[in-house]
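Architecture at a glance
Residues per chain are reported as follows:
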Amino acid sequence: MDGRVWIVEAVLPRARIRPLSQAGNFYHIPMGLKPTKAQVNKMISYVGARYSQWEAIKAFFKDIGQGSTAECAALVDTIMADFGVDMGSRQTPDAIVTQAQLYGKPTYYITQDK
């Protein structure tokens, strides 16, 4: 998309797409995936999905089920499943990060000057 790097994120009130340059500081876990056009289109199809704080709270107590896009970790879990990557059975930020690290992926903290 015009040479820029874009992110899809689940935030209130809905999942959105925006340039990485607007993300501020963030954690990055490179998974080494090479998305196909169909996978990118599927990921973009989640833009506009409603974000639910209640789903985010419930996720800390039980598996909210694969395929949910209602909160940030569930969206990552769903997108990674579309890539054939199993991120485990919990949709919480710590569980997703732990699963990525169990795959041997490093975690980086990225700072951007604003």
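Provided above is the structure to which this section pertains.
Conventions and cut-offs
Residues numbered from 1 in each chain as written. Predicted model: local features only at pLDDT ≥ 70, side-chain atom pairs only at ≥ 80, totals over all residues. Heavy atoms only, no water. Helix = DSSP H or I, 4+ residues; strand = E, 2+ residues; numbered from the N terminus. Rg over C-alpha atoms; globule rule 2.2 N^0.38 Å. Buried < 20%, exposed > 50% of the residue type's maximum accessible area, 1.4 Å probe, protein only. Contact = heavy atoms within 4.5 Å. Areas by Shrake-Rupley, 256 points an atom, 1.4 Å probe, with all protein chains shown as cover. Lys, Arg positive; Asp, Glu negative; His and termini not counted. Charge placed at Lys NZ, Arg CZ, Asp CG, Glu CD.

Structural notes on the overall build of the chain
Scanning the chain for helices and strands turns up four helices and four strands. Of the regular secondary structure in the chain, the N- to C-terminal order runs β-β-β-α-α-α-α-β. On C-alpha atoms alone, the chain measures out to a radius of gyration of 14 Å, which is about the 13 Å that the 2.2 N^0.38 rule sets for 114 residues. Each principal axis of the C-alpha distribution contributes one length, and for the chain these read about 40 × 30 × 30 Å. In the chain, which comprises 114 residues, the proportion classed as buried is 33%. Taking contacts inside the chain between residues at least 6 apart in sequence as the whole, the part at least 24 apart equals 57%. As displayed, the chain offers around 7100 Å² of accessible surface, 56% of which is attributable to carbon and sulfur atoms. A distance of 5 Å separates the average location of the 13 positive side-chain charges in the chain from that of its 10 negative side-chain charges.

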